[in-house]
Amino acid sequence: MEQPLDTLNAFRPRTGTPDQWNAAFIRVEDYLRAHRVHNRLQQITIIEKVIARAAARHAQNPTLDPTTLAAEEIDRMMDEWFGELLGDKNLPHERIAVEGRVALLLTEGVERWPYAFLDEKQVPPEFAEEMRRRSIQAGPDMTVTSMVPRPIELGALTEVAGQTFEQIEKWPILRVILLWALFISALGLVFYATR
């Protein structure tokens, strides 16, 4: 029973202040809670891995912020894990992050397999299968085609109507007479319909 606690207590970042690492811890903990990882033991296991990876990078460059490093590391871990699980490691971060999170949400993976999240060695096969089944399947790539505009053929009737309107446009008095005739016809129809 003492061995696991010794393992947990053995980790100490060599660079950075305790306040910086405490802030990084809290940020990663909140991030895990946002992904529905509420199991405290699972959270501690993941946070320890994340903080260890962030501390190794911080030791190389102590000017970097531990919280930022921890956030980058958990994103990187999730990308690697989703890539391995979904069978496509070469997707860009934005795509694998979305695909993995959507599949995780649809499978309710964190609730149904609470210890599988970010586990690199003991992922239940049914969980992996469910994740692959629920992942977003991209459709075929979009192809660019060109459409050449063609004139619309409306037949002889439209040509006659077009020529008539052109003639009417040339004689304004005829146009006024036709408009009045149309107006009087409409009034006559209304009168006839309401009798």
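Residues numbered from 1 in each chain as written. Predicted model: local features only at pLDDT ≥ 70, side-chain atom pairs only at ≥ 80, totals over all residues. Heavy atoms only, no water.

K.L.:
What's the story with the UniProt feature "transmembrane region" (unreviewed entry) in the protein chain in this structure? I'm lost.
P.N.:
The UniProt record annotates "transmembrane region" (unreviewed entry) at residues 173–193. With 100% helix and 0% strand, residues 173–193 has end C-alpha atoms that lie 30 Å from one another. (UniProt positions renumbered as here; feature names shortened; annotations may be inferred. Helix = DSSP H or I, 4+ residues; strand = E, 2+ residues; numbered from the N terminus.)

K.L.:
Could you clarify how one ought to interpret the packing of helix α3 (residues 40–60) against helix α4 (residues 66–86) in this entry?
P.N.:
Any two packed helices are characterised by how steeply their axes cross, that is the angle between the axes, and by the distance between the axes. Running from amino to carboxyl end, α3 crosses α4 at an angle of 120°, the nearest separation of the two axes being 8 Å. For the element pair α3 / α4, the angle class is oblique. You can see that α3 and α4 cross each other, and the crossing is right-handed. Contacts from I46, K49, V50, I51, R53, A54, R57 and H58 of α3 reach α4 at P66, L69, A70, E72, E73, I74, R76, M77 and E80. For the contact of α3 with α4, the residue count by class is nine nonpolar, one polar and seven charged. (Axes fitted to C-alpha atoms, helices over the stretch in contact; angles between N-to-C directions. Parallel < 35°, antiparallel > 145°, perpendicular 65-115°, else oblique. Left-handed = near helix turned anticlockwise from the far one by under 90°. Contact = heavy atoms within 4.5 Å. Nonpolar A, V, L, I, M, F, W, Y, C, P; charged D, E, K, R; others polar.)

K.L.:
Help me understand the pattern of salt bridges in this model?
P.N.:
In a structure, side chains of opposite charge can pair up when their charged atoms sit close to one another. Scanning all chains against the criterion turns up 14 salt bridges. Across the salt bridge formed by R134 and E130, the nearest N and O atoms sit 3.4 Å from each other. Of this pair, R134 and E130 both sit in helix α7 (residues 125–134), four residues apart, which is roughly one turn of that helix. Given a relative accessible area of 31%, R134 falls into the partly exposed group. Taking relative accessible area as the criterion, E130 reaches 14% and is therefore assigned buried. Beyond isolated ion pairs, a larger network of salt bridges with shared partners links R53, R57, E72, E73, R76 and E80. (Salt bridge = Lys/Arg side-chain N within 4 Å of Asp/Glu carboxyl O. Buried < 20%, exposed > 50% of the residue type's maximum accessible area, 1.4 Å probe, protein only.)

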